[in-house]
Amino acid sequence: MHYAWDPDRGRAGFAAALEVIEIAREHSCGRLSGVISPMQIDTCEPELLRDSRDLARERGLPFTLHVAQSVTEVREMIRRHGKTPVQWAADLDLLGPGTILGHALFLDTHSWVRWHTKSDLKLLGDSGTAVAHCPTPFARYGHVMENFGDYLRAGVTMGLGTDCSPHNLIEEMRKATVLAHIAARDIHSVTAADLFHAATVGGATALMRDDIGRIAPGKKADIVLVDLACPQMQPDRDPLKSLIYHAADRAVRDVFVDGRQVVAEGRVLTLDQHAAGGRLRAAQERMEALAPSRDYRGRSAAEITPLSLPVIE
């Protein structure tokens, strides 16, 4: 792999991002903010990473960075610095409360890395760093976090995300739980309650928000109501397990965001889903038409991502 460095473009992107964040924070809805995100540890110069982290601390904003998300990245950082990406991040003072590492799957204890130090997890836990775990996109390519429970036991703040379609957080809880059991080879390594906590309180903590992620006096009224009579929720002896392992969004009846109802009887009130689907299909057609001009080999969309089954005329 070769890196085409363009520091000026990075700085311009940094400045543009700050403008967007300020516009968001001034929006009349009161629900918008921002996150300082210089993308990847292997594609940004150290000075830009430090400046981004310093600005996040100064403005009280979360700082997020993709770290240890691929074996290629880990090997590249070891080639450059003789250290893993997590260790390099620690040297740059990027870790700590308010920092969210994107994915952080390939630590020095991962069986695909096999680096000799075995210190990455302790660095994350001792520093109070958070990890955003998004199992679906990695599972599709055969990648897995090898022991979600070890992160928790090391004191790492774990949040759960989707990162790609389908944006279904309950399905992510299911997949994360099952994959954690498989990867750790231990059914007791993590529980449904652990993943539910990561999807709610863990994510809120990672985002430096103590007013969301939980139902309590003085918190935002973000509430999801689940229909226990839904067939997929039966039997409902343990509603959380029924929701995560079986029903998922099929049992979601009503949703409130900051006290405002946005889903009623399973119907989204804030979006014309049929029209949105049409816009999405049109966008995909435009993307496919542009694919050859954007692909380094000039391939068509059909060549890059062939259909699962042939189309018969």
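Residues numbered from 1 in each chain as written. Predicted model: local features only at pLDDT ≥ 70, side-chain atom pairs only at ≥ 80, totals over all residues. Heavy atoms only, no water.

1. Here we look at the side chain of Arg53
Within the secondary structure layout, Arg53 lies in helix α2 (residues 46-59). Buried and unpaired, Arg53 has Asp93 as its nearest opposite-charge partner, separated by 6.6 Å. Polar contacts involving the side chain of Arg53 include one to the main-chain carbonyl oxygen of Leu94, which spans 3.3 Å. Here the side chain of Arg53 touches Pro97 through a polar contact of 3.1 Å, landing on its backbone oxygen. Beyond its immediate sequence surroundings of up to four residues, Arg53 is in contact with Phe63, Asp93, Leu94, Leu95, Gly96, Pro97 and Thr99. (Helix = DSSP H or I, 4+ residues; strand = E, 2+ residues; numbered from the N terminus. Buried < 20%, exposed > 50% of the residue type's maximum accessible area, 1.4 Å probe, protein only. Lys, Arg positive; Asp, Glu negative; His and termini not counted. Salt bridge = Lys/Arg side-chain N within 4 Å of Asp/Glu carboxyl O. Polar contact = N/O pair within 3.5 Å; in protein donor to acceptor, adjacent residues only side chain to side chain. Contact = heavy atoms within 4.5 Å.)

2. Points about the sheet that holds strand β1 (residues 63-67)
Where strands meet in a sheet, backbone hydrogen bonds hold them as pairs that are either parallel or antiparallel. Strand order in the open sheet formed by 4 strands is β1-β2-β3-β4, with parallel pairing between adjacent strands. Both edges of this open sheet fall to β1 and β4 (157-160), since each of them pairs with a single strand only. Going across the sheet, the axis of each strand differs from the next one's by a mean of 30°, ignoring polarity. By the bridge criterion, 3 bridges tie strand β2 (residues 99-103) to strand β3 (residues 130-133) in an arrangement that is parallel. Within β3, the residue paired with Ile100 across the bridge is Ala130. (Pairing = 2+ DSSP bridges. Axes fitted to C-alpha atoms, helices over the stretch in contact; angles between N-to-C directions.)

3. Structural notes on the pattern of salt bridges
A complete count under the given rule lists 13 salt bridges for this structure. A salt bridge links Lys122 to Asp126; its shortest N-O distance comes to 2.6 Å. With a gap of 4 residues between them, Lys122 and Asp126 both fall in helix α5 (residues 120-127), about one helical turn apart. The burial state of Lys122 is the same as that of Asp126; both residues are exposed. Two residues, Arg253 and Asp254, come together in a salt bridge whose shortest N-O distance is 2.8 Å. One continuous salt-bridge network, built from bridges that share partners, spans Glu76, Arg79 and Arg80.

4. Let's talk about unusual backbone geometry
For the peptide bond that leads from Ser165 to Pro166, omega is 0°, which places it in the cis range. Along the chain, Pro166 turns up in the loop between β4 and α8 (169-184). Look at the link from Gln234 to Pro235: it is a cis peptide, with omega at -10°. Relative to the assigned elements, Pro235 resides in the loop between β5 (223-226) and α10 (239-247). Residues other than glycine seldom take positive phi values, yet Asp163 does so here, at roughly 70°. In this structure, Asp163 sits in the loop between β4 and α8. Even without a glycine there, the phi angle at Ala248 is positive, about 50°. Mapping Ala248 onto the fold places it in the loop between α10 and β6 (252-257).

5. Describing the packing of aromatic side chains
The geometry of an aromatic ring pair comes down to the distance between the two centres and the angle between the two planes. By the definition in use, this model includes 2 aromatic pairs. Both rings, one in Tyr3 and one in Trp5, keep their centres 5.9 Å apart while their planes meet at 15°; by these two values the pair is stacked. We classify Tyr3 as partly exposed; its relative accessible area is 22%. Pairing Phe106 with Trp112 gives two aromatic rings, centres 5.8 Å apart and planes at 25°, and the pair type is stacked. With a relative accessible area of 42%, Trp112 lands in the partly exposed category. Over the ring of Tyr3 we find Arg80; its NZ or CZ atom is 4.7 Å from the centre of that ring. (Phe/Tyr/Trp six-rings, centres within 6.5 Å; stacked < 30°, edge-to-face > 60°. Lys NZ or Arg CZ within 6 Å of the ring centre and 35° of its normal.)

6. Structural notes on the nonpolar core
Counting 61 residues, the largest nonpolar core has Ile36 and Val131 as the members making the most contacts within it. Apart from the residues lying within four places of it in its own chain, the contact partners of Ile36 are Phe14, Leu18, Ile21, Ser52, Leu55, Ala56, Leu61, Pro62, Phe63 and Thr64. (Core = buried A, V, L, I, M, F, W, Y, C linked by side-chain atoms within 4.5 Å.)

7. Some thoughts on the environment of Asp227
Note that Asp227 resides in the loop between β5 and α10. In terms of polar contacts, Asp227 uses its side chain to reach the backbone amide nitrogen of Ala229, at 3.0 Å.

8. A look at α8
Between its first and last C-alpha, α8 extends 22 Å over 16 residues, near the 22 Å set by a 1.5 Å rise per residue. The complete set of buried residues in α8 reads Ile170, Glu172, Met173, Ala176, Thr177, Ala180 and His181. All buried residues of α8 lie within an arc of 160° about the axis, which places them on one face of the element. Two to three positions downstream of the cap, the backbone nitrogen of Ile170 sits 3.2 Å from a side-chain oxygen, assigning the N-cap of α8 to Asn168. Arg185 sits one or two residues past α8 and shows a positive phi near 55°. (Expected span 1.5 Å × (residues − 1). Arc of directions from axis to C-beta.)

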